[in-house]
Amino acid sequence: MTRQTYILHGSSPNWTRDLQSMRHYVPEQALRSYLAQREDRFVEPDACAEGDVLTVDDSTRAGFETCLIARELGHEITLFVNPSQIISGNDYWFSRFDALVDGRTVNSCMFQGVAYDLDSREQLRKFRFAVRPLLLTARETAAHRLLDEVERLLGAEDAKIGEHARTMTRSQFDELCRAGVRIGNHGWDHQCISALDPQQQREQLIAAGDWLRAASGQPVVDYAVPFGLERLHAEARPACTGTVYLVDPGLPPEAAGEGNLFRSNLTPMLQESAA
C-alpha cells in the first residue's frame with residue numbers, strides 16, 4: 001500500500017465549528033480518538049518501516065498540544081516550525097486576522113472602495129479574500145499595520161487571539177524536542193515565498209534551518225512551504241537537503257516533482273467526526 005503523508009495545523013479542546021479562528025484546527029477529543037483507534041502508528045518519514053506520516057505546520061500552541069498528544073499515544077510526528085515567532089513571541093498575522101473577524105462588532109464595512117455586508121456568509125468570505133492576498137506577501141510588520149486598519153474597520157479593538165492560535169514559547173518548543181518530536185523547517189516567518197526572490201528564499205531557508213538545528217539538536221533537513229502551494233525557485237532548492245513538503249492541490253502524486261511531496265489534509269475528516 002502506498003504510504004500517505006498527512007498535514008494538520010493543530011487541535012483545541014474548545015473547538016467551535018462556526019469560528020473563523022477554528023477553521024484550520026481540529027477538536028482535541030476527535031484527534032485523540034483517531035490516534036488511539038488507528039491500527040497502524042504513524043512513522044518517521046525517513047524510517048525504513050512501512051507506515052503513514054503525520055506532520056503539523058506552524059509554531060502555534062495548538063501545534064504544540066497536537067504533537068504532545070501524538071507522542072503520548074505512540075505516534076511519530078514532524079512539526080514544521082517558523083523560528084521568528086518563537087524568538088519574538090509575536091503571534092502570526094493569520095491568527096490575529098481570524099480573531100478580528102470573529103470579534104467584529106459592525107455589520108458592514110468598506111475596504112478598498114468595496115462595501116461588504118458582514119452578516120452575509122458569502123460577503124464575509126469575499127471580505128476575507130480581499131484582505132488575505134495583501135497579507136500573504138507582506139513582511140510581518142507590514143501585515144500587522146494592515147491589520148491595525150482591519151481592526152478599526154471591524155470595530156474589533158477588544159478581539160483576543162484564542163489560546164490555541166497563540167505562538168508557542170521557547171520552553172514549549174524545547175519540551176517537544178525532549179518528547180521526540182521531529183523538527184522541520186517552515187521558513188523564517190511564514191511569509192509566502194512568492195514574495196521572495198531566489199536569494200531571499202535561500203537566505204530564509206538557511207537562517208531558519210541554522211536556528212532550528214541549534215535549538216533542537218536535530219539534523220532538520222526537510223522543508224514545508226508556507227501556505228503549501230508555491231514552489232521553491234530552482235536556485236534556492238539546494239538550500240533544502242531533504243524533501244520539500246507541499247499541500248495536496250488535487251493532482252496525482254507524481255505531479256509534485258522530484259524531491260517534493262504532496263500532503264493530504266486530515267482536518268476536514270476530524271472536524272466532521274465531531275459533528
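Small disclaimer: the values here were computed from a predicted structure and weren't measured.

Our next topic: the overall build of the protein chain. Counting its regular elements, the protein chain contains nine helices and 11 strands. A globule of 275 residues ought to have a C-alpha radius of gyration of about 19 Å, and the protein chain, at 19 Å, matches this closely. Over its C-alpha atoms, taken along the principal directions, the protein chain stretches across nearly 55 × 45 × 40 Å. Here the protein chain holds 275 residues, and 49% of them are scored as buried. Contacts spanning at least 24 positions in sequence make up 68% of the contacts within the protein chain whose residues lie at least 6 apart. With 28 positive and 39 negative side-chain charges, the protein chain shows a spacing of 2 Å between the two charge centroids.

Here the largest pocket defines a volume of roughly 1000 Å³. Counting residues per element, the ones that place at least two in the lining of the largest pocket are helix 4 (93-102) and helix 5 (121-136). A volume near 290 Å³ is recorded for the second largest pocket.

Counting 29 residues, the largest nonpolar core has Leu8, Leu35, Leu54, Leu79, Phe173 and Ile183 as its most contacted members. Taken together, the elements giving at least two residues each to this core come down to strand 1 (5-8), helix 1 (28-37), strand 4 (53-57), helix 2 (61-72), strand 5 (78-81), helix 7 (170-178) and helix 8 (198-216). The leading source of residues in this core is helix 2, at four residues. Trp93, Leu136, Val150 and Cys192 belong to the second-largest nonpolar core, a separate cluster that totals 23 residues.

With that settled, consider the pairing of strand 5. By the alternation rule, side chains of strand 5 split into Thr78 and Phe80 and Leu79 and Val81, which are all buried. With three bridges connecting them, strand 4 and strand 5 associate as parallel partners. Residue pairing for strand 5: Asp57 is matched across the bridge by Phe80. A crossover links strand 4 with its parallel partner strand 5, the connecting element being helix 2, and its sense is right-handed. Bridge analysis of strand 5 against strand 8 (residues 182-185) gives four bridges, and the strand direction is parallel. Its bridge partner lying in strand 8, Thr78 is registered against Arg182.

About the cut-offs
- Residues numbered from 1 in each chain as written.
- Predicted model: local features only at pLDDT ≥ 70, side-chain atom pairs only at ≥ 80, totals over all residues.
- Heavy atoms only, no water.
- Helix = DSSP H or I, 4+ residues; strand = E, 2+ residues; numbered from the N terminus.
- Rg over C-alpha atoms; globule rule 2.2 N^0.38 Å.
- Buried < 20%, exposed > 50% of the residue type's maximum accessible area, 1.4 Å probe, protein only.
- Contact = heavy atoms within 4.5 Å.
- Lys, Arg positive; Asp, Glu negative; His and termini not counted.
- Charge placed at Lys NZ, Arg CZ, Asp CG, Glu CD.
- 1 Å grid on protein atoms, 1.4 Å probe; cavity = no way out; pocket = protein on both sides within 12 Å on 5 of 7 lines; lining within 4 Å.
- Points joined across faces, edges and corners; volume = space filled by probe spheres on them.
- Core = buried A, V, L, I, M, F, W, Y, C linked by side-chain atoms within 4.5 Å.
- Pairing = 2+ DSSP bridges.
- Right-handed = clockwise from strand over helix to strand, strands pointing away.

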